[in-house]
Amino acid sequence: MQTNPNAPIESLLEAIGENLKQRAKQAHLNQKDLAHLSDLNRNTISAALSGKDIKLSTLIRLTRETGFTEWLLPFLEQPTPSPFEYLSKTKKRFVKEKTRQYKPSSRKMGRQKG
């Protein structure tokens, strides 16, 4: 099922609901079983499978029970810093290192006799 990620939210929810329905069928789970395993009520399961707006925690529970959690992996990894973030961190480190320079020794006041 190919869906445009820029489609209206309602279309995306319908596509997700259809995908969940197919995965539940592949896992040989009916709505009653899915509700029991995911500790959700059947009305929530029915709403999710028909493409209604559901909580993220509900989506995670359902995808765990249908064996499809790969979609979570990109959200669990730390994003790589942008070049601007990298430069700003490097600049801060450079300024800290620069301020650690040794102070010059104090000179004696007045004329020095040679």
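Residues numbered from 1 in each chain as written. Predicted model: local features only at pLDDT ≥ 70, side-chain atom pairs only at ≥ 80, totals over all residues. Heavy atoms only, no water.

1. A closer look at the environment of L59
Here L59 shows up in helix α4 (residues 56-65). Taking relative accessible area as the criterion, L59 reaches 15% and is therefore assigned buried. Residues L59 and A48, 11 residues apart in the sequence, show an inter-C-alpha distance of 7.8 Å. Once residues lying within four places of it in the same chain are set aside, the contact partners of L59 are I16, L20, I54 and W71. (Helix = DSSP H or I, 4+ residues; strand = E, 2+ residues; numbered from the N terminus. Buried < 20%, exposed > 50% of the residue type's maximum accessible area, 1.4 Å probe, protein only. Contact = heavy atoms within 4.5 Å.)

2. Here we look at helix α1 (residues 9-26)
At 3.6 residues per turn, the α-helix brings residues three or four places apart onto the same side. Between its first and last C-alpha atoms α1 spans 26 Å; for 18 residues at 1.5 Å apiece the expected length is 26 Å, and the two agree. For α1, the complete set of buried residues consists of L13, A15, G17, L20 and A24. For α1, the secondary structure elements touched by its buried residues are α2 (31-38), α3 (42-49) and α4. Positioned one or two residues after α1, H28 has a phi angle of 60°, which is positive. (Expected span 1.5 Å × (residues − 1).)

3. Regarding the nonpolar core
Counting 11 residues, the largest nonpolar core is built from L20, A24, L29, L34, A35, L40, I45, A48, L49, L59 and L62. Listed by contribution, the elements that provide at least two residues to this core are α1, α2, α3 and α4. Sorting elements by how many residues they give to this core places α3 first, with three residues. If sequence neighbours within four positions are ignored, L49 has contacts with G17, E18, L20, K21 and Q31. (Core = buried A, V, L, I, M, F, W, Y, C linked by side-chain atoms within 4.5 Å.)

By themselves these figures say nothing about function.
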